[in-house]
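Examination of the molecular architecture
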Amino acid sequence: MILIKNCKPHDLLLDGAVLRKAGKGAEKAEQTVDAKGLVAVPGLVDMHVHFREPGREDKETIATGAAAAIAGGFTSVAVMANSGRVCDDAVGVVYVQAKSREAGGANVFAVGAVTKGLKGEELAELGKMSDAGAVAFSDDGMAITNSELMRRALEYSKMFRKPILAHCEDTALTKNFVMNEGPVSAKLGLRGYPNAAEAAMAARDCYLAALTGGHVHICHVSAKETVDVVRRAKKQGIRVTAEAAPHHLLLTDQTLVNYESKYKMNPPLRTQADVEALIEGVVDGTIDAIASDHAPHTSEEKEQELAACPNGIIGLETTLGVILSIKGIPFERAIDAMTAAPARILGLKGKGTLEEGADADVTLIDPKASWTVDPAAFKSKGRCTPYEKMKLTGRAAHVFVGGRQCS
Ligand SMILES: [Zn+2]
Ligand SMILES: [Zn+2]
């Protein structure tokens, strides 16, 4: 039993793997953590990360990813299916769970692929993956361009009450893109990815969710038009939820003027108008969740010239600090977007809440901690971050998973 005292909003008792309000019985605690000046929040949940195991353990393993999660304050993460060996069957799901238990860091939940091998041709065995414990389905990294296949995926996933996490990209419009399409890409002479390519697919997916009654979750919203699409669909009662990534809430395509690969990701960084629309979407709840889209690559790969280097940056260890440093997102909404909202979307019972009887996953945040991002200190194997040397305010001070102190 661990007693956490002197924190806001109130003291907590971790009774094995179960959370209790610290009332009677606190005197029985074997360990006391003095959390003066800290804020207790439910263990943070990141519903969109990429660990590369099995297959590309040189980039990240489930163990290093789970350790990076803890370092960033995250007690639960959902790992996308596009590892070296695609997670498109029950074996893949069970593998992730076994490696997660072995690692003993954050809880790592598996997202199963929608289509076999992420090829976009044939549905994977969603039912078997669901039975094995997959929390959602996604071909993330690849867009599902075949609308008939997306329709059937939504129909099936509805039977298992699990969402389809949609990577919305009309790939006919984004071929060989390097960055956002706009004045900056024109000036730099780089191929662009227009906002419309994201928003049009998001609109299609919302209509297909309406048609099927399935739940579509729009991944990494980056364009202001996509925020509009989701807002309108929600008003119509369509089962749609959405997430935004920290980099899209802070950075713009102007950062690419020096052709640096740490600003290259999919979807790309957009404009200030998009950033503002995204923040507004987070504040009014159109965008339910904040997720890192943590995507580690080797330094050799990321150090290639901009057009050749792969998309993606890491984020687990900087998300909390970046989000708390963004003015305009209230603390409570920021925490909700990283706890209750993703837990609800993924149906993670006992997660994302500090209610009596919840899982004893707790993050103690020091909201005033000022720190400088140093990639050399990351637990992740990835080093590519746009926030290197950036000063952030707010950090996870202590993290507990299932009643165990992990940091
Ligand atoms: Zn994606
Ligand atoms: Zn992703």
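Attention in this report is confined to the structure presented alongside it. (Residues numbered from 1 in each chain as written. Chains lettered and ligands numbered in written order. Predicted model: local features only at pLDDT ≥ 70, side-chain atom pairs only at ≥ 80, totals over all residues. Heavy atoms only, no water.)

In terms of burial, strand E6 (residues 44-49) is largely enclosed, as 6 of its 6 residues are buried. Relative to strand E7 (residues 74-79), E6 is paired through 4 bridges, and the arrangement is parallel. When the bridges of E7 are listed, Asp 46 appears paired with Val 77. Read from E6 through helix H1 (residues 62-71) to E7, the crossover connection turns out right-handed. (Buried < 20%, exposed > 50% of the residue type's maximum accessible area, 1.4 Å probe, protein only. Helix = DSSP H or I, 4+ residues; strand = E, 2+ residues; numbered from the N terminus. Pairing = 2+ DSSP bridges. Right-handed = clockwise from strand over helix to strand, strands pointing away.)

Okay, the coordination of the zinc ion (ligand 1) next. Every protein donor of the zinc ion (ligand 1) is accounted for by Asp 140 (OD), His 167 (ND1) and His 220 (NE2), and the metal-donor separations fall at 2.0 to 2.1 Å. Motif for the zinc ion (ligand 1), donor spacing along one chain: D-x26-H-x52-H. A gap of 3.6 Å separates the zinc ion (ligand 1) and the zinc ion (ligand 2), which Asp 140 links by coordinating each metal. Separated by 53 residues along the polypeptide, His 167 in the loop between strand E10 (164-166) and strand E11 (179-180) and His 220 in the loop between strand E13 (216-218) and helix H7 (224-235) bring together distant segments of the chain. A relative accessible area of 7% means that His 167 is categorised as buried. Residue classification places His 220 among the buried residues on the basis of a relative accessible area of 3%. (Donors = N, O, S within 2.8 Å, 3.2 Å for Na, K, Ca; no water.)

Okay, the side chain of Glu 60 next. Assignment of secondary structure puts Glu 60 in the loop between E6 and H1. Here Glu 60 is buried and forms no salt bridge, its nearest opposite-charge partner Lys 381 lying at an N-O distance of 6.6 Å. Looking at Glu 60, its side chain comes within polar contact range of the side chain of Ser 380, at 2.8 Å. With residues up to four places along the chain from it excluded, the contact list for Glu 60 reads Phe 51, Arg 52, Glu 53, Gly 65, His 294, Pro 296, Ser 380, Lys 381 and Gly 382. (Lys, Arg positive; Asp, Glu negative; His and termini not counted. Salt bridge = Lys/Arg side-chain N within 4 Å of Asp/Glu carboxyl O. Polar contact = N/O pair within 3.5 Å; in protein donor to acceptor, adjacent residues only side chain to side chain. Contact = heavy atoms within 4.5 Å.)

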